[in-house]
Amino acid sequence: MELTVLGSAAPYPRPGIPCSGYLVTGGSGALWLDAGPGTLAELQRHARLPELDGIWISHLHADHCADLLTAFYALVYADQAPSAPLPLYGPQGTAARLEGFLSNAARSPIERAFEVRELHDGQRVRLGGMELESRSVEHGMPGYAVRIDDGAASLAYSGDSAPCAALDDVARGADLLLCEADGDPPADGPRVHHSPEDAGRTAARAGAGRLVVTHVGPFLRPEEALGRAASEYAGPVEHADAGRAFSVG
Ligand SMILES: [Zn+2]
C-alpha cells in the first residue's frame with residue numbers, strides 16, 4: 001500500500017501546499033481520501049478521476065472537502081467523465097451540502113458525478129481490493145476516521161478529531177497512523193483536535209508502527225510538531241510533506 005500526501009496545510013492552503021488530501025493505492029485500487037482545496041490539482045499528477053475506485057471524506061469542513069465542487073465539474077462537464085458515478089463516502093448530509101453549492105436554477109445532476117453513500121460508525125466497505133472501516137470520532141460535528149487494509153498492510157487516518165477510543169481502535173496495530181496534530185487545545189470549550197503530544201500518545205496507545213503527523217495548524221511549525229509528537233511516542237515520526245509518498249507496511 002502507498003500513501004501519497006497531496007496536501008496537509010490547515011486550515012487554509014499555502015503556496016505549493018494544499019489542504020488535507022491523500023491518495024491511497026493498495027490492493028488493486030486507488031482512493032482519494034479527503035478533498036481539501038488544492039488537492040484535485042495535485043491528484044492529477046498521479047491519477048485521473050475516472051481511475052479512482054472511490055472518494056472518502058472524513059467530515060464536511062471546507063478544508064477537507066471543498067475540491068469536491070470542482071471535481072464535480074471535471075466529472076460532469078469536462079473530460080474526466082467516469083463510466084459510472086464515482087462512489088463517494090461521506091458523513092450524513094454530504095449530498096445535500098453539494099447540491100446546495102452546485103445548484104443553479106435547476107437541480108444539479110450530482111448523481112452523474114457521485115454515487116453518495118453516507119458513512120456510519122463501524123461501516124465496512126470494500127473498494128478496489130481495499131477494506132475500509134469507518135469510525136465516528138470527536139470533532140464537534142459528524143466526523144470519521146478510517147482504517148484501510150489491503151491484506152498486506154494497514155493504514156489508519158484520524159480525519160479531524162480529539163483523542164478518543166474509536167480512533168484508538170482504528171489505529172490499533174496499524175502499520176502507519178496518519179494523525180492530525182492541529183495544535184494546542186482551546187482554553188475553553190470542547191476539544192475537537194489533537195495536539196502533537198496527543199498524536200504521539202494516540203500512536204503509542206494503539207501500538208502503531210509509524211506515525212505521520214498532518215494538518216499541523218497555523219500556530220505551529222511542522223518541525224516543532226514532530227518534536228512534540230516524538231516526546232510521547234518511541235516509534236518513527238514524520239511529517240506529511242505535500243508531494244511525499246510513504247510506503248505502508
Ligand atoms: Zn475540521
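Residues numbered from 1 in each chain as written. Predicted model: local features only at pLDDT ≥ 70, side-chain atom pairs only at ≥ 80, totals over all residues. Heavy atoms only, no water.

(A) Expanded view of the overall build of the chain. Helix and strand counts for the chain stand at 8 helices and 14 strands. Its C-alpha atoms give the chain a radius of gyration of 17 Å, within 12% of the compact-globule value 18 Å for 249 residues. By the burial criterion, 55% of the 249 residues in the chain qualify as buried. Taking contacts inside the chain between residues at least 6 apart in sequence as the whole, the part at least 24 apart equals 61%. If you sum the accessible surface of the chain, you get close to 9900 Å²; carbon and sulfur atoms cover 51% of it. If you average the places of the 19 positive and of the 33 negative side-chain charges in the chain, the two averages end up 1 Å apart. (Helix = DSSP H or I, 4+ residues; strand = E, 2+ residues; numbered from the N terminus. Rg over C-alpha atoms; globule rule 2.2 N^0.38 Å. Buried < 20%, exposed > 50% of the residue type's maximum accessible area, 1.4 Å probe, protein only. Contact = heavy atoms within 4.5 Å. Areas by Shrake-Rupley, 256 points an atom, 1.4 Å probe, with all protein chains shown as cover. Lys, Arg positive; Asp, Glu negative; His and termini not counted. Charge placed at Lys NZ, Arg CZ, Asp CG, Glu CD.)

(B) Representation of the pattern of salt bridges. Under the counting rule described, the total for this entry stands at 18 salt bridges. Where arginine 124 meets glutamate 133, a salt bridge forms, and the shortest distance between an N and an O atom there is 3.4 Å. On the accessibility criterion, arginine 124 (55% relative accessible area) is exposed. Relative accessible area serves as the criterion here: at 22%, glutamate 133 is assigned to the partly exposed category. Here the residues in one salt-bridge network are Asp121, Arg135, Asp169 and Arg172, joined through shared partners. (Salt bridge = Lys/Arg side-chain N within 4 Å of Asp/Glu carboxyl O.)

(C) Looking closely at the coordination of the zinc ion. Those donors, His59 (NE2), His61 (ND1), His139 (NE2) and Asp160 (OD), are the protein atoms that reach the zinc ion, and they lie 2.2 to 2.5 Å from it. Coordination geometry of the zinc ion: the 4 donor atoms subtend angles of 86 to 174° at the metal centre, consistent with an arrangement described as irregular. Each donor residue of the zinc ion belongs to the same chain, and together they define the spacing H-x1-H-x77-H-x20-D. Here histidine 139 lies in the loop between strand 8 (130-136) and strand 9 (144-149) and histidine 59 lies in the loop between strand 4 (54-56) and helix 2 (62-65), a separation of 80 residues in the sequence. When sorted by exposure, histidine 59 lands in the same class as histidine 139, which is buried. (Donors = N, O, S within 2.8 Å, 3.2 Å for Na, K, Ca; no water. Tetrahedral: all angles 85-135°; square planar, octahedral: opposite > 155°, others 65-115°.)

(D) Examining the sheet that holds strand 13 (residues 237-239) more closely. The sheet built from 7 strands is open, its strands ordered 7-8-9-10-11-12-13 with mixed pairing. Looking along the sheet, the strands with just one partner apiece sit at the ends: strand 7 (123-127) and strand 13. Across the sheet, the mean angle separating the axes of adjacent strands is 20° when strand polarity is ignored. Pairing between strand 8 and strand 9: 6 bridges, direction antiparallel. Paired with serine 134 across the two strands is valine 146, which belongs to strand 9. Running over the sheet, helix 8 (residues 222-230) touches strand 12 (211-214) and strand 13 and is turned about 160° from strand 13. (Pairing = 2+ DSSP bridges. Axes fitted to C-alpha atoms, helices over the stretch in contact; angles between N-to-C directions.)

(E) Structural context of the packing of helix 7 (residues 196-206) against helix 8. Running from N to C, helix 7 and helix 8 cross one another at 45°; their axes reach a closest spacing of 7 Å. Between helix 7 and helix 8, the crossing angle belongs to the class labelled oblique. At the point where helix 7 passes helix 8, the crossing takes the right-handed sense. Here helix 7 contributes Pro196, Glu197 and Gly200 to the contact with helix 8, which in turn contributes Ala225, Arg228 and Ala229. (Parallel < 35°, antiparallel > 145°, perpendicular 65-115°, else oblique. Left-handed = near helix turned anticlockwise from the far one by under 90°.)

(F) Examining the layout of surface pockets more closely. In this structure, the largest pocket encloses a volume near 200 Å³. Lining the largest pocket are 14 residues, and of these Arg14, Ile17, Val216, Pro222 and His239 sit closest to its centre. Classifying every residue of the lining of the largest pocket by side-chain character gives 8 nonpolar, 3 polar and 3 charged. (1 Å grid on protein atoms, 1.4 Å probe; cavity = no way out; pocket = protein on both sides within 12 Å on 5 of 7 lines; lining within 4 Å. Points joined across faces, edges and corners; volume = space filled by probe spheres on them. Nonpolar A, V, L, I, M, F, W, Y, C, P; charged D, E, K, R; others polar.)

(G) Focus on helix 4 (residues 94-102). Residues of helix 4 that are buried include every one of Thr94, Leu98, Glu99 and Leu102, and no others. Across the axial projection of helix 4, the buried residues extend over an arc of 130°, all falling on one side. In helix 4, those exposed residues whose orientation departs by more than 90 degrees from the buried face are Ala96 and Gly100. As for helix 4, its buried residues are in contact with helix 3 (67-77), strand 5 (86-90), helix 5 (110-113) and strand 6 (114-118). (Arc of directions from axis to C-beta.)

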